[in-house]
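One-letter residues, chain by chain:
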Amino acid sequence: MNQSSDLIQSAQRTIRLELEAVQGLLPHIDADFVRACEMILASKGRVVVVGMGKSGHIGNKIAATLASTGTTAFFVHPAEASHGDMGMITRDDIILALSNSGSTNEIVTLLPLIKRQGIQMISLTGNPESPLAKAAEVNLNVSVEHEACPLNLAPTSSTTAALVMGDALAVALLEARGFTAEDFAFSHPGGALGRRLLLKVENVMHAGTELPQVICGTLLKDALMEMTRKGLGMTVVLSTDGKLAGIFTDGDLRRTLDRTIDIHSTTIDEVMTAHGKTARAEMLAAEALKIMEDHKINALVVVDSEDRPVGALNMHDLLRAGVM
């Protein structure tokens, strides 16, 4: 029990100290922060993030967040920069350098070259009087009173503060650029949001020979055979001119059977849902999902500009595509 209590107290102490570190950033969101944002917004190049050790890991994440929210960015390891990777950085770029001490050797070594090439730099340090902070056009102060480490040695509170400042920078730039959810989706085509915002009805619908269809006047029993062959739980009903006359679904079948109708003598016209709700091939799949949800239906006919059926889809198609 004593060990359990000690572990809990240690964890809670760590969280409290890191919360204090993050809270301490608020006064540092000031004119320097605004200037850093303005520098990046005005830049014609990329944001090049550099950092060593734990700061390097945080820098990698900041670069990834910037890149996915509308600010072109990438990470360069400062030690590799001294051995050729400085060639990846152009004069139009802005360097975002992370170092809690502000005196990391691998980064300080690069300062003369950065200055010589006229590359603008934003530093993110815990020491505003450090060589790195003084060499930068703007310093973002992420100083913390104590590391969460009881020895006050391992980077803990300081890396959390740097990470949060990076997020604050990325989000401020995102909002300043008017970055939209659709823009985000183009950076995340494999994610759930990307699927919802990029996938179109034509990408998931059943078309051609996969589309179940019968013409008006078809006997119900034959329409049921078409539904069984195509396996979509529905069939499109066409008028004589090839336009959409109606739709017949599994739900319509259940309602029909409740009326004790003879499937061998009844035509599809008598039991179908006239016309029904439709979608267009160029419509987002997420829009089709909303139509289904709003009208509590499980299938949609896809029509062209002349109201001719070109496809069909159901909830299972959207589920498999990851839209819902």
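Reading the values: the criteria
Residues numbered from 1 in each chain as written. Predicted model: local features only at pLDDT ≥ 70, side-chain atom pairs only at ≥ 80, totals over all residues. Heavy atoms only, no water. UniProt positions renumbered as here; feature names shortened; annotations may be inferred. Helix = DSSP H or I, 4+ residues; strand = E, 2+ residues; numbered from the N terminus. Rg over C-alpha atoms; globule rule 2.2 N^0.38 Å. Buried < 20%, exposed > 50% of the residue type's maximum accessible area, 1.4 Å probe, protein only. Contact = heavy atoms within 4.5 Å. Pairing = 2+ DSSP bridges. Axes fitted to C-alpha atoms, helices over the stretch in contact; angles between N-to-C directions. Core = buried A, V, L, I, M, F, W, Y, C linked by side-chain atoms within 4.5 Å. 1 Å grid on protein atoms, 1.4 Å probe; cavity = no way out; pocket = protein on both sides within 12 Å on 5 of 7 lines; lining within 4 Å. Points joined across faces, edges and corners; volume = space filled by probe spheres on them. Nonpolar A, V, L, I, M, F, W, Y, C, P; charged D, E, K, R; others polar.

- Looking at an unreviewed UniProt entry, the protein carries the name Arabinose 5-phosphate isomerase, with the source organism given as Pseudomonas wuhanensis.
- Its UniProt record, at the heading Catalytic activity (unreviewed entry), says of the protein: "D-arabinose 5-phosphate = D-ribulose 5-phosphate".
- Checking UniProt for the protein, the heading Sequence similarities (unreviewed entry) contains the comment "Belongs to the SIS family. GutQ/KpsF subfamily."

### Quick look at the overall build of the protein
- What the protein contains, in helices and strands, is 16 helices and 12 strands.
- In terms of overall size, the protein is more extended than a compact globule, its C-alpha atoms giving a radius of gyration of 31 Å where 324 residues would be expected to give roughly 20 Å.
- For the protein, the C-alpha atoms occupy an extent of roughly 90 × 60 × 35 Å along the three principal directions.
- Counting over 324 residues, the protein shows a buried share of 42%.
- For the protein, the share of sequence-separated contacts (at least 6 apart) that also reach a separation of at least 24 residues comes to 63%.

### Concerning the sheet that holds strand β2 (residues 73-75)
- Strand order in the open sheet formed by 5 strands is β2-β1-β3-β4-β5, with parallel pairing between adjacent strands. Edge strands, defined here as strands with exactly one partner in the open sheet, are β2 and β5 (138-141). Sheet twist, expressed as the mean angle between neighbouring strand axes with direction ignored, is 20°.
- Here 4 bridges tie strand β4 (residues 120-125) to β5, and the two strands are oriented parallel to one another. When the sheet's bridge partners are listed, Ser 123 is paired in β5 with Asn 139.
- Strands in contact with helix α2 (residues 31-42) are β1 (47-51), β3 (94-99), β4 and β5; relative to β5, the strand with the most contacts, it is inclined by about 130°.

### Some points on helix α13 (residues 250-258)
- Taken together, the buried positions of α13 are occupied by Gly 251, Asp 252, Leu 253 and Thr 256.
- Residues of α13 that are buried make contact with α12 (220-230), β8 (244-249), α14 (268-271) and β9 (273-274).
- Following α13 by one or two positions, Thr 260 adopts a phi angle in the positive range, close to 50°.

### Comments concerning the nonpolar core
- The biggest cluster of nonpolar side chains holds 27 residues, and the ones touching the most others in it are Leu 96, Ile 122, Leu 124 and Leu 140.
- At the level of elements, α2, β1, α3 (53-68), β3, β4, β5 and α8 (157-177) are the ones that each hand at least two residues to this core.
- Here the element with the most residues in this core is α8; it accounts for 6 residues.
- In contact with Leu 124, not counting residues within four places along its chain, are Leu 96, Ala 97, Leu 98, Ser 99, Asn 139, Leu 140, Val 142, Ala 162 and Met 165.
- Among the nonpolar cores identified, the runner-up in size contains 18 residues, and Met 205, Leu 289, Val 302 and Leu 318 belong to it.

### Considerations on the layout of surface pockets
- The volume enclosed by the largest pocket comes to roughly 450 Å³.
- Those elements giving two or more residues to the lining of the largest pocket turn out to be β8, α13 and α16 (315-320).
- Looking at the lining of the largest pocket, the element that brings in the most residues is α13, giving 5 residues.
- Approximately 190 Å³ is the volume attributed to the second largest pocket.
- Every residue lining the second largest pocket is counted, 16 residues in all, and those nearest its centre are Met 52, Ser 55, Ser 99, Asn 100 and Ser 101.
- Only α3, β3 and α8 provide two or more residues apiece to the lining of the second largest pocket.
- Residues belonging to the lining of the second largest pocket are distributed by class as follows: 7 nonpolar, 8 polar and 1 charged.

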